[in-house]
Every structure is written in C-alpha cells, then in structure tokens.
Amino acid sequence: MAKAISEIKAEIQELELLQKRELLGLLVADLEESEGGELDEIWLKEAQLRFQELKDGSVTGVPASQVFAKLERRLG
C-alpha cells in the first residue's frame, strides 16, 4: 500500500539537506523518464499559463536578484 503524501512529507522533513537534494535529483530524473514527452507537454502548458498571467497583470514578476538573495538566505 502506498504511503500518504503527509507521511512522505514528514519523513522528508527529517532528512539532512544533502539527503533532500539527492532525493530531489532522483525525483526529477524519474519525472524526466515519463513516457511520450508527457512531462514536456505539462511544462509547456505551465510556462504558457505563467507567461499569460504576467502579460495580463494578474501576477507580478520578482527580479532574479531578489529570488537568488532569498535562496541564499535559506540555503546558506
């Protein structure tokens, strides 16, 4: 029986930072192996949606410098 997402999330929160990074790499690699380019289609639709949101003003972009500064603070 598969674990509930909440159980998996709790286990992930107990991992060390390097373990989390390794897990992330494994998950990304697994997703990239999806059949028939399904993942590419999903990402394309997401990118188109986000671009449209920026164009119509329903969301506001965040400068990359702010994003990277925030990441640096979180990851050290």
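Residues numbered from 1 in each chain as written. Predicted model: local features only at pLDDT ≥ 70, side-chain atom pairs only at ≥ 80, totals over all residues. Heavy atoms only, no water.

Participant: It is not clear to me how the overall build of the protein should be interpreted in this structure. Could you clarify?
Facilitator: What the protein contains, in helices and strands, is four helices and zero strands. N-terminal to C-terminal, the α/β element order of the protein is α-α-α-α. For the protein, the C-alpha radius of gyration of 17 Å lies well beyond 11 Å, the compact-globule estimate for 76 residues. In terms of principal-axis extent, the alpha carbons of the protein reach across some 45 × 40 × 20 Å. (Helix = DSSP H or I, 4+ residues; strand = E, 2+ residues; numbered from the N terminus. Rg over C-alpha atoms; globule rule 2.2 N^0.38 Å.)

Participant: Would you mind going over a nonpolar patch on the surface with me for this structure?
Facilitator: On the surface, a cluster of nonpolar side chains totalling about 540 Å² of accessible area is made up of L17, V62, V67, F68, L71 and L75. At four residues, the largest contribution of residues to the nonpolar patch is made by helix α4 (residues 64–75). Turning to its location among the elements, L17 is positioned in helix α2 (residues 17–32). Looking at L17, the relative accessible area reads 41%, which means it is partly exposed. (Patch = residues over 30% accessible without salt bridge, like charges linked within 9 Å, V, L, I, M, F, W, Y side chains within 5 Å. Areas by Shrake-Rupley, 256 points an atom, 1.4 Å probe, with all protein chains shown as cover. Salt bridge = Lys/Arg side-chain N within 4 Å of Asp/Glu carboxyl O. Buried < 20%, exposed > 50% of the residue type's maximum accessible area, 1.4 Å probe, protein only.)

Participant: Honestly, α4 in this entry has me stumped. Any pointers?
Facilitator: The α-helix winds at 3.6 residues per turn, so residues separated by three or four positions along the chain end up facing the same way. Along its twelve residues, α4 runs 16 Å from first to last C-alpha, staying within 8% of the 16 Å computed at 1.5 Å per residue. Note on α4: the residue one or two positions beyond its end, G76, has a positive phi of about 80°. (Expected span 1.5 Å × (residues − 1).)

Participant: Looking at this structure, how should I read the pattern of salt bridges?
Facilitator: A side chain with one charge may pair with a side chain of the opposite charge, provided their charged atoms come close. In this structure the tally under the stated criterion is three salt bridges. Here E11 ties to K3 by a salt bridge, and the two come within 2.6 Å at their closest N and O atoms. Between R50 and E46 there is a salt bridge, with its nearest N and O atoms 2.7 Å apart. Here R50 pairs with E46, and both are found in helix α3 (residues 38–56), just four residues apart, close to one helical turn.

Participant: What exactly am I supposed to notice about the environment of L31 here?
Facilitator: Summarising the element assignment, L31 is placed in helix α2. Here L31 falls in the partly exposed class, since its relative accessible area comes to 48%.

Participant: How should the environment of L49 be read in this particular structure?
Facilitator: Here L49 is to be found in helix α3. The class of L49 is partly exposed, set by a relative accessible area of 44%. C-alpha separation for the pair L49 and E33, spaced 16 residues apart in sequence, amounts to 24 Å.

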